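Listed below are the residues making up each chain.
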Amino acid sequence: MDLDLTEEQQMVIDMTRGMLAEHSTTAIVRDMEDDPKGYPEALWKQMSELGLNGLLIPEAYGGGGQTLLEGAFVYEELGRAMAPTPHFVSCVMSAGVLLEAGSEDQKQAWLGSEDQKQAWLGRIANGDAILTPAWLEPQRGFGEAGIAISATADGYGFKLNCRKRLVAYASSAARLIVLARTKAGVDLFLVDPRAKGIQMQQLLSQGREAQYQIDFADVKVAAADRIGAPGSGWKTWHKVMLQGVTLLAAQAIGGAARCLEETVVYANQRVQFDKPLGAFQALAHYMADASTRIDGGRVLVHEAAWNHAQGRSIERFGPMAKLFCCETYRETTRVCAQIWGGVAFTIEYDQQMFFRRAKALQLSWWDGPYLEELIAKDVLDK
Amino acid sequence: MDFDFSPAEQAFADEVDAWLVENHDPVVMDHHRENFTQLSDTPERRAFMKKLAAKGWLGMSWPKEYGGKEIEGVYEYILNEALSKHAAPQIGKGVGIIGKTLIRHGSDKLKQEFLPKVLDADVEFAVGYSEPAAGSDAANMQLKAEKVEGGYLLNGQKMWTTSAHFADWYWVGARTDPDKPRHDGLSLFLIPMDHPGLEVQSLPTIGKDTTNQVFFENVFVPDEYLVGKRGRGFHMISEALDLERFTMFTLSPIANRTEVLVDWVKKAKRDDAPLKDDPNVRRTIAQIVTDTAVAKGLSTRFVCAAKSGGKPPTIESSQYKLFTTSLSQRVCKDALDIQGHEGTLMEGQEDAPILGRFEGAYRATMNETVGGGSSEIQKNIIARRHLGLPKNF
């Protein structure tokens, strides 16, 4: 049992933090809010050059072949810097889907799978192509039932009809990965966002990243653009999500840790009643509680990621990590705002940026109730 | 990074677990005593500790010259987690606070008198630090120890001495030098518990067990039963707390309560429907299981910090204690909420859910966020020593 980092792991952390200090300053993060593109080219280029975009992609496909644990270290840094990047949608979720699809039925060697990997994974790893999932639908939830019937057979392919919401960075996407229901069940399709019948509209949302609503009207998709075996889409998606939420938990811890650090600095400087704020127990105890949750949440994330790297199931650990860390991030930003006082409410101070992102992250990519049900299922129904 | 025990550690954990299954005895091992299971307070439990001593499991981390094995403290952590998982008495004050302090600061006489007895489980200690005016403010002890010919004369009172009603010896902090700064005026003494002038008064608690207050009236302690140097008492007490991180507050009892609750929820019915299908119950269970995993993470954190052998893992230990004790209470509260009106039925009543375990645990865990350094004291430690905030009291 040890929690020590290897020299290489520490280097990845230092390198990422150093790069983000230059390319994801809060001024840059502010600039990107509500921007239709949503990420700075310089940051994206740096991430590619440092190998962060290919971090989790196997070497055979042009990536770095690192485990989810290294991913968690990087995501804590991305969270600290509130880095505006399509890394999660493209390098984690989209790359993950392409990698997972068909991985369980090697025998069938599903037609197109390897071609799809060859076509996209290298370009994702070097930052040339951004892919993003089009998943959520109006008035529908995070579960399998959230995907309404939307893909009908059309000759040798399919026709898509649906509305997708909160598709991040869609304006820069080379392909969308659309979750749609066919007769076989939920399927995943690679769709060119410039295809006929697609309409995109930017949405303003709490995290202020580039979010889009996409309408598909009789959009034609070739059968070869289905990812994986017919009806295997949801299983693939769920497996990749387990990895994704583990990284988002790390991101939440990074945001919470930085928010608390800045608040501690402020609490040591700001004087009221002739004492620094931090000398008031009422406030010091908020910060002590927050630090305990942050340090505990971080170990949980690392344990989840480590288990995945060991080839063990994270069916329970992944959801537990996101549930706990996102609530920790949210609660940390709430008590920190209390310590900053009135200024936290202003746009001028950075606190509001953490405050909004914390809640948005908690509500995205499996929210509290959905995570709780996944955990309950694993604990009570097996 | 590695979240598994090493093969040697795992082998020891398995060995202890198998031995405890083999030596299961419902008289010795009773989960319903909750935190008091750690005490060796009955003839049967003392006999059990003798068996543990015969296995060579007491004082494993001590130096070889004092009969120890000089192995890593993590083995004592593994042992205590296993013991508490089975609701057996634990290695505690004798091997830990008292043994380790005597090894570092005790005279040859005290070492020879007490260390072999600790290793053989032939002695039980009570620890007397708290007083009516020295609770969280431990340095405020007022028990008077006046220097007299050949020794000290003790007068005053101790509070919350949990083991005083069955222990053989009393490990006591007293004020020898009232004129010195308060941290430098305290000394440690060893006194036979049956000493004339010592009066133990039971304080029944809301839990299953009793604690005590102890009154001192002209209790004479010979010079040779002063531990270490006069005036160093508070420093030795603090040092022992830092040395003793491995055997404090085990997680197993909380993990055990969570498991017991989950097992019960899986089988229980309400209005003929499975209770586990109730969305509120599912949500509560998910939260408890998650927070229990975080508590385990915080314990991993302090065990790893202690293993590294650097500075004492004070902060890690405070965070663990803060989080875990409040979780412990919440598990009991949530369990009763899930059980509803039947949750109020006490142990021994027909149909009391889980034999009334949580009705009792709800009461027994009330003190966890107070004893052993209250949550507020832990937060002060974290605020000052971890976050670098100013002194706030």
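Residues numbered from 1 in each chain as written. Chains lettered and ligands numbered in written order. Predicted model: local features only at pLDDT ≥ 70, side-chain atom pairs only at ≥ 80, totals over all residues. Heavy atoms only, no water.

## Structural notes on the overall build of chain B
A tally of regular secondary structure across chain B gives 11 helices and 10 strands. Here the C-alpha radius of gyration of chain B, 22 Å, is about what a compact globule of 393 residues would show, namely 21 Å. Summarising its shape, the C-alpha atoms of chain B cover approximately 75 × 50 × 45 Å along the three principal directions. Scored against the burial criterion, the 393 residues of chain B give a buried share of 55%. Roughly 16,900 Å² of accessible area belongs to chain B as shown, and the carbon and sulfur atoms make up 52% of that amount. Distance between charge centres in chain B, computed from 47 positive and 56 negative side chains, equals 5 Å. (Helix = DSSP H or I, 4+ residues; strand = E, 2+ residues; numbered from the N terminus. Rg over C-alpha atoms; globule rule 2.2 N^0.38 Å. Buried < 20%, exposed > 50% of the residue type's maximum accessible area, 1.4 Å probe, protein only. Areas by Shrake-Rupley, 256 points an atom, 1.4 Å probe, with all protein chains shown as cover. Lys, Arg positive; Asp, Glu negative; His and termini not counted. Charge placed at Lys NZ, Arg CZ, Asp CG, Glu CD.)

## Examining the domain arrangement of chain A
Residues and elements named next belong to chain A. Looking at the assigned domains, one finds that chain A contains domain 1 (7–125), domain 2 (131–230) and domain 3 (234–380). If you average the C-alpha positions of domain 1 and of domain 2, the two centres end up 21 Å apart. Taken together, the contact pairs 26 residues of domain 1 with 24 residues of domain 2. Regarding the contact of domain 1 and domain 2, the summed buried area is about 2,000 Å², with carbon and sulfur atoms giving 60% of it. Inspection of the region where domain 1 meets domain 2 yields 1 salt bridge. The salt bridge involving Arg-208 is made with Asp-34; its shortest N-O contact spans 2.9 Å. Taken together, domain 1 and domain 2 are joined by 9 residue pairs in polar contact (both at pLDDT 80 or more). Mapped by element, the contributors of at least two residues to the side of domain 1 that touches domain 2 are helix 5 (87–100) and helix 6 (113–125). In terms of residues, the side of domain 1 that touches domain 2 owes the most to one element, helix 5, which gives 6 residues. (Domains from an automatic or database assignment. Contact = heavy atoms within 4.5 Å. Buried area = accessible area lost by both parts, 1.4 Å probe. Salt bridge = Lys/Arg side-chain N within 4 Å of Asp/Glu carboxyl O. Polar contact = N/O pair within 3.5 Å; in protein donor to acceptor, adjacent residues only side chain to side chain.)

## Comments concerning the sheet that holds strand 4 (residues 175–182) of chain A
Residues and elements named next belong to chain A. Pairing is mixed in the open sheet, where 4 strands are placed in the order 1-4-5-8. Every interior strand has two partners, whereas the edge strands, strand 1 (131–134) and strand 8 (226–227), have only one. Bridge analysis of strand 1 against strand 4 gives 4 bridges, and the strand direction is parallel. Bridge assignment links Thr-132 to a residue of strand 4, and that residue is Leu-176. Across the sheet, helix 7 (residues 233–269) lies against strand 1, strand 4 and strand 5 (185–191), angled at about 75° from strand 5, the strand it touches most. (Pairing = 2+ DSSP bridges. Axes fitted to C-alpha atoms, helices over the stretch in contact; angles between N-to-C directions.)

## A few points about empty space enclosed by the protein
Residues and elements named next belong to chain B. Tallying each qualifying case throughout the model produces 2 cavities of 30 Å³ or more. What the largest cavity holds in volume is close to 50 Å³. Taken together, His-31, Glu-34, Thr-37, Ser-84, Ala-87, Pro-253, Arg-257 and Arg-357 form the lining of the largest cavity. Each residue belonging to the lining of the largest cavity can be placed in one class, and the counts come to 2 nonpolar, 3 polar and 3 charged. Summarising the domain contributions, the lining of the largest cavity has at least three residues from each of domain 1 (7–91) and domain 3 (249–386). (1 Å grid on protein atoms, 1.4 Å probe; cavity = no way out; pocket = protein on both sides within 12 Å on 5 of 7 lines; lining within 4 Å. Points joined across faces, edges and corners; volume = space filled by probe spheres on them. Nonpolar A, V, L, I, M, F, W, Y, C, P; charged D, E, K, R; others polar.)

## Some thoughts on the sheet that holds strand 2 (residues 151–154) of chain A
Residue and element names in this part refer to chain A. With antiparallel pairing, the 4 strands of this open sheet are ordered in space as 2-3-7-6. Edge positions in the sheet fall to strand 2 and strand 6 (198–203), since each of these pairs with one other strand and no more. When the angles between neighbouring strand axes are averaged without regard to direction, this sheet yields 15°. Both strand 2 and strand 3 (residues 157–168) contribute to a ladder of 4 bridges, which runs antiparallel. Note that in strand 3 the partner of Thr-152 across the bridge is Lys-159.

## Focus on the packing of aromatic side chains
Residues and elements named next belong to chain A. Inspection of the entire model under this criterion finds 25 aromatic pairs over all chains. Here the aromatic rings of Tyr-75 and Phe-88 are separated by 6.2 Å at their centres, their planes lie at 75°, and the arrangement is edge-to-face. Taken together, the residues span a long stretch of sequence, with Tyr-75 in helix 4 (residues 68–80) and Phe-88 in helix 5 at a distance of 13 residues. The exposure class assigned to Tyr-75 is buried, which follows from its relative accessible area of 2%. (Phe/Tyr/Trp six-rings, centres within 6.5 Å; stacked < 30°, edge-to-face > 60°.)

## Points about helix 6 of chain A
Residues and elements named next belong to chain A. Here helix 6 is 13 residues long and its end C-alpha atoms lie 18 Å apart, about the 18 Å a rise of 1.5 Å per residue gives. Of all the positions in helix 6, only Ser-113, Gln-116, Lys-117, Trp-120, Leu-121, Ile-124 and Ala-125 are classed as buried. Considering only its buried residues, helix 6 is in contact with helix 5, strand 1, strand 4, strand 5 and strand 8. Positive phi shows up at Gly-127, right after helix 6, with a value of about 85°. (Expected span 1.5 Å × (residues − 1).)

## Considering helix 9 (residues 317–340) of chain A
Over its 24 residues, helix 9 of chain A extends 34 Å from the first C-alpha to the last, a length consistent with the 34 Å expected when each residue adds 1.5 Å. The buried fraction of helix 9 of chain A amounts to 18 of the 24 residues, a majority that puts the element mostly inside the structure.

## A look at the packing of helix 9 of chain A against helix 8 (residues 279–307) of chain B
At a minimum axis separation of 10 Å, helix 9 of chain A and helix 8 of chain B run at an interaxial angle of 85°. What the angle tells us is that helix 9 of chain A and helix 8 of chain B run roughly perpendicular. Residues Met-320, Leu-323 and Phe-324 of chain A of helix 9 of chain A pack against Val-289, Thr-290, Asp-291, Ala-293 and Val-294 of chain B of helix 8 of chain B. (Parallel < 35°, antiparallel > 145°, perpendicular 65-115°, else oblique.)

## Re the domain arrangement of chain B
Residues and elements named next belong to chain B. For chain B, the domain assignment lists domain 1 (7–91), domain 2 (126–231) and domain 3 (249–386). The distance between the C-alpha centroids of domain 1 and domain 2 comes to 28 Å. On the domain 2 side, the residues contacting the 8 residues of domain 1 number 7 residues. When domain 1 packs against domain 2, close to 660 Å² is buried across both sides, 55% of that on carbon and sulfur atoms. The largest share of the area that domain 1 buries against domain 2 comes from Phe-36, Leu-39 and Arg-46, three residues that together contribute 58% of it.

## Comments concerning the nonpolar core
Counting 238 residues, the largest nonpolar core has Trp-135 and Phe-216 of chain A together with Leu-154 of chain B as the members making the most contacts within it. If we skip the residues at most four places from it in the chain, Trp-135 of chain A touches Phe-142, Ile-147, Lys-164, Leu-179, Trp-234, Trp-237, Met-241, Trp-365 and Trp-366 of chain A. (Core = buried A, V, L, I, M, F, W, Y, C linked by side-chain atoms within 4.5 Å.)

## Structural notes on the layout of surface pockets
All names here are of chain B. In this structure, the second largest pocket encloses a volume near 1,200 Å³. Forming the walls of the second largest pocket are 35 residues, and the residues nearest its centre are Leu-251, Ser-252, Ala-255, Glu-259 and Lys-296. Ranked by residue count, the leading element in the lining of the second largest pocket is helix 7 (residues 252–267), at 7 residues.

## Details of the interface of chain B and chain A
Contact residues are listed per partner, giving 46 residues for chain B and 45 residues for chain A. Both faces considered, chain B and chain A share a buried interface measuring about 4,100 Å² in area, 64% of it formed by carbon and sulfur atoms. By the criterion of area lost to chain A, the three top residues of chain B are Met-1, Phe-3 and Arg-282 of chain B, representing 21% of everything that side buries. Remark: the boundary between chain B and chain A carries 8 salt bridges. Its salt-bridge partner being Asp-289 of chain A, residue Lys-379 of chain B comes within 2.9 Å of it at the nearest N-O pair. Our enumeration of links across chain B and chain A arrives at 21 residue pairs in polar contact (both at pLDDT 80 or more). The residue makeup of the side of chain B that touches chain A, split by class, is 22 nonpolar, 10 polar and 14 charged.

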